[in-house]
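# Summary of structural features
Below are the chains, spelled out letter by letter.
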Amino acid sequence: MRALSTTRLLRICALPVAMCVSQSTLVLGQTAAVDSSIRPFRVRISNEALTDLRRRLQATRWPDKETVTDQSQGVQLARLQALVQYWGGGYDWRKAEATLNALPQFVTNIDGVDIHFIQVKSKEKNALPVLITHGWPGSVFAFLGTIGPLTDPFARGGTAADAFDVVIPSIPGYGFSSRPTAPGWGPEHVAQVWVELMRRLGYTRYVAQGGDWGAVITTELARSAPRGLLGIHLNLPAAVPPEVGVALATGGPAPAELSDQERTAFEASRKYAMSGSAAYFLMLSARPQAVGYSLNDSPAGLAAFMLVHPGFAKWTYGDDPAKTPTKDQVLDDFTLYWLTNTSTSAGRLYWENKGRGPTSSAVWKTTELSLPVAVTNFQEDAYQPPESWVRRAYKNLIYFHEAPKGGHFAAWEQPELFAAELRAAFKPLR
């Protein structure tokens, strides 16, 4: 029988949503394993899937109210109820779908997994290709606001010489990339898939960027130093020195030789570790399947769990419509996880990583990287290593800057500033 595309399956499938997505992934996995072509992709979620989502939101079984006046026990009941009410009533997925479909999207099969990606080429003939990798609980949605500033800097007061071609893939198990069916898909494997993706796209020279999981994957990409990769840019660098990491892990005192700035960073890291903000990391690293049972069954539960991420700590829940990410943008992201049934498969990346922290320079052997590295600290991120630690971690550091605003989801929150950082960081590599 002739294989059906993901789009076609989502259009015709009248099964419950979980079965629909599962069936489409199975067919793709069977047929695309011998097909290395790059195929156009469009999103079209069935009306049945959206109706099912709204029904589940309306049927949410709520817990009792938290016993504190802050978010130390998790997202507050009243805030989540208001968000869920809007999600099930005022929110419109079709707008998000149209936004994605207005962009060139593709899928190609690499190592038996379909890789979904957005590729937007600049009109400037000498544009530098940049491969941008998202994290958790992010997605390609987090970078949509950066595409214009990166591909057409001239329209924003820049020069044509600053232009990029932009490639934004979905990590395997996330979004519209298919879900691996066997272990072995850690950051190192994903990095090698990215090498093959850029080769298939015909890029002989390119740069790469990442934050959160994207930073880990991009670091592994740089470690392999594939032909054509000129350098990388990170927000959330692996820049915790070994002795600092030991002190934080054991609860020991700060190393005696720390400068005042380094001591401040040490104390901030210790406070963060003790706050419980990384509880999601521990749970996903240990038992992603256990977490997934609830996230895949309850969209309200999915939102509550993802809002534990410290990147959302200062999010206004749409109370201030001028601040990004907006309520609709966050729900675009959560709805993507729900409709693609990827909450569990996305969480397995933590398990594959064997609980290794993303900021340890010793774990990621950053001093072994020979390619140029650029780093931006965004002012509101949970971890902002001092420049001395960053320079110690990356021997070929070509750019370091402390941006005046922006947080963990910097591209989402400050897309123009994020694009400006990439232009400055990669200018020496053009």
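Residues numbered from 1 in each chain as written. Predicted model: local features only at pLDDT ≥ 70, side-chain atom pairs only at ≥ 80, totals over all residues. Heavy atoms only, no water.

Attention shifts here to the overall build of the protein. The number of helices and strands found in the protein is 18 helices and nine strands. Taking 430 residues into account, the globule formula puts the C-alpha radius of gyration at 22 Å, and the protein, at 21 Å, falls close to it. C-alpha atoms of the protein, sized along the principal axes, occupy 65 × 60 × 45 Å. In the protein, which comprises 430 residues, the proportion classed as buried is 56%. Partitioning the intrachain contacts of the protein with sequence separation of at least 6 by distance along the chain shows that 76% fall at a separation of at least 24. Put simply, the protein shows about 18,400 Å² of open surface, and 54% of that area lies on carbon and sulfur atoms. (Helix = DSSP H or I, 4+ residues; strand = E, 2+ residues; numbered from the N terminus. Rg over C-alpha atoms; globule rule 2.2 N^0.38 Å. Buried < 20%, exposed > 50% of the residue type's maximum accessible area, 1.4 Å probe, protein only. Contact = heavy atoms within 4.5 Å. Areas by Shrake-Rupley, 256 points an atom, 1.4 Å probe, with all protein chains shown as cover.)

Turning our attention to the pattern of salt bridges. All told, the structure shown has 18 salt bridges when counted by the stated rule. One salt bridge in this structure joins R200 and E196, with 2.8 Å as the shortest N-O distance. One end of the pair, R200, and the other, E196, are both in helix α7 (residues 187-200), four residues apart, so they sit about a helical turn from each other. We classify R200 as partly exposed; its relative accessible area is 22%. The partner of E387 in a salt bridge is R391, with the nearest N and O atoms 2.8 Å apart. Taken together, the residues E387 and R391, both in helix α16 (residues 387-393) and four residues apart, mark about one turn of the helix. Each of D52, R55, R56 and D297 takes part in one network of salt bridges that share partners. (Salt bridge = Lys/Arg side-chain N within 4 Å of Asp/Glu carboxyl O.)

Below, the discussion takes up the sheet that holds strand β3 (residues 113-120). Judged by pairing direction, the sheet is mixed, and its nine strands sit side by side in the order β1-β2-β3-β5-β4-β6-β7-β8-β9 without closing on themselves. In this open sheet, the two edge strands, each paired with only one partner strand, are β1 (38-40) and β9 (397-403). The average angle at which neighbouring strand axes cross in this sheet is 25°, direction not considered. Relative to strand β5 (residues 164-169), strand β4 (residues 128-133) runs parallel, the two being bridged by four bridges. (Pairing = 2+ DSSP bridges. Axes fitted to C-alpha atoms, helices over the stretch in contact; angles between N-to-C directions.)

On the secondary structure map, S122 appears in the loop between β3 and β4. Taking the relative accessible area as the measure of exposure, S122 reaches 11% and is therefore buried. A polar contact of 2.7 Å, which involves the side chain of S122, links it to the backbone oxygen of T151. (Polar contact = N/O pair within 3.5 Å; in protein donor to acceptor, adjacent residues only side chain to side chain.)

Below, the discussion takes up unusual backbone geometry. Each neighbour pair has its own omega, and for W136 with P137 the value is 0°, a cis peptide bond. When you line up the elements, P137 lands in the loop between β4 and α6 (144-151). Cis geometry is adopted by the peptide bond preceding P325, which originates at T324 and carries an omega value of -5°. By secondary structure assignment, the location of P325 is in the loop between α13 (299-306) and α14 (327-340). A positive phi is found at D212, a non-glycine position, where the angle reads about 60°.

Function cannot be inferred from these measures alone, as they are strictly geometric.
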